[in-house]
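Breakdown of the fold
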Protein chains: 2
Amino acid sequence: MGCDVMNPTFGFVTNQLKKHNIRLSNRRLKVLEYLCNNQNHPTVDQIYVNLHKDVPTLSKTTIYNTLHTLVEVGLVRVINIEDNETRYDILTEDHGHFKCDSCGKIFNFNVDLDSFTTYELSGFRIMDRNLYFKGICQRCLLNINKNY
Amino acid sequence: MGCDVMNPTFGFVTNQLKKHNIRLSNRRLKVLEYLCNNQNHPTVDQIYVNLHKDVPTLSKTTIYNTLHTLVEVGLVRVINIEDNETRYDILTEDHGHFKCDSCGKIFNFNVDLDSFTTYELSGFRIMDRNLYFKGICQRCLLNINKNY
DNA sequence: ATAAATAATTGTAATGATTACAATTATATT
DNA sequence: AATATAATTGTAATCATTACAATTATTTAT
Ligand SMILES: [Mn+2]
Ligand SMILES: [Mn+2]
Ligand SMILES: [Zn+2]
Ligand SMILES: [Zn+2]
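Below is a short write-up of the structure. (Residues numbered from 1 in each chain as written. Chains lettered and ligands numbered in written order. Predicted model: local features only at pLDDT ≥ 70, side-chain atom pairs only at ≥ 80, totals over all residues. Heavy atoms only, no water.)

**Section: the interface of chain A and chain B**
Worth spelling out the cut-off: Should any heavy atoms of two residues lie within 4.5 Å, those residues are counted as being in contact. Throughout, buried area stands for the accessible area (probe radius 1.4 Å) lost by two parts on being put together, summed over both. Think of a salt bridge as a Lys or Arg side-chain nitrogen and an Asp or Glu carboxyl oxygen that are within 4 Å of each other. In protein, a polar contact means a hydrogen-donor-capable atom and an acceptor-capable atom, both N or O and within 3.5 Å, with residues adjacent in sequence counting only if both atoms are side-chain atoms; elsewhere, any N or O pair within 3.5 Å suffices. Put simply, DSSP H or I for four residues or longer makes a helix, DSSP E for two residues or longer makes a strand, and each gets a number counted from the N terminus.
At the junction of the two partners, chain A supplies 34 residues and chain B supplies 34 residues. By the criterion of area lost to chain B, the three top residues of chain A are F124, Y132 and F133 of chain A, representing 18% of everything that side buries. The tally of links from chain A across to chain B stands at zero salt bridges. Between the two partners, chain A and chain B, sit twelve residue pairs in polar contact (both at pLDDT 80 or more). Those elements that place two or more of their residues in the side of chain A that touches chain B are strand 1 (77-82), strand 4 (106-109), strand 5 (125-136) and helix 5 (138-146) of chain A.

**Brief notes about the sheet that holds strand 5 of chain A**
Cut-off, in case you're wondering: Whether two strands pair depends on DSSP finding at least two bridges between them. To get an axis, a line is fitted to the C-alpha atoms, and for a helix only the part in contact is used. The angle between two axes follows their N-to-C directions and goes from 0 to 180 degrees.
Strand order in this open sheet of six strands is 4(A)-3(A)-5(A)-5(B)-3(B)-4(B), and the pairing throughout is mixed. The open sheet has two free edges, formed respectively by strand 4 of chain A together with strand 4 (106-109) of chain B, since each of these has just one partner strand. Between one strand and the next, the sheet's axes are offset by a mean angle of 25 degrees, whatever the strand orientation. Taken together, the four bridges between strand 3 (residues 96-100) of chain B and strand 5 (residues 125-136) of chain B define a ladder with parallel strand orientation. When the bridges of strand 5 of chain B are listed, H97 of chain B appears paired with Y132 of chain B.

In structure tokens:
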């Protein structure tokens, strides 16, 4: 069933869509549901493979279309950490990302970027702020140490 | 001739390469020179198109190879702002990026990311830190205002 | 309710960046 | 000079993403 973690709650989402005259079709709902239930910054392919089980007629193109639409409205955020995989995040509030080079997992962490400012960008209009780190996560570090 | 802006000076670069037993071939030198002289975070294609004028036998593969090698040694940094274009930066010191959605230019700005830390990542080994903003640059904002 | 207009979805084919890999050339070692 | 190692190239393959036209669903007007 629906979203366990109702971060941008269903009401909010539907509101936003209505506001932008975007229909909440069945397919779009599926994608949104998936993003809510799997907040691990999935790729298009991951979304596709998973939803395809339930809805075999769902096409990858539709996922691309849906995501583009949702990104445009600001309900989904694009994450470009690796140059060979685009990921999507339903959490649109300000937060940073840490990607573990060992297990591949992407972690969220809190950070207040909105308040960040520098004289070098005075006169610039900042619309979008992104912060990401890379390295080895705690769990992987522990595992590595165990094996020696 | 060589690099006007010798940020990672030639000496430093050659040293680093020697240290890692990487030969400074003619092609690699060309790529390094280009990166030094054009610190606008070029794409592989931009590098290729430009160098190809002088060295028609230079292949795109070599540029990829060279960049990968340089990145591995830490002399070049990958920039993933857009999901459809990988850019490369010869400036490896800690700094942030601002990409103008209007003119496409990528600006540098100073920021101390090394000192940044959060309890949420305690126990994590952070190897790489990236901060980038998107929006409209000052010049483009001025131009937009002029036209109204 | 029916017909016309609009939006959503799909599939196919195209694009374009990146990589795999084998062949060739250059450099270093013996 | 002969051999081993590294660099470069070209071709073809891969893979994510997009373009676009055809189909289906939904809304709106009649
Ligand atoms: Mn996130
Ligand atoms: Mn830079
Ligand atoms: Zn890990
Ligand atoms: Zn601009």
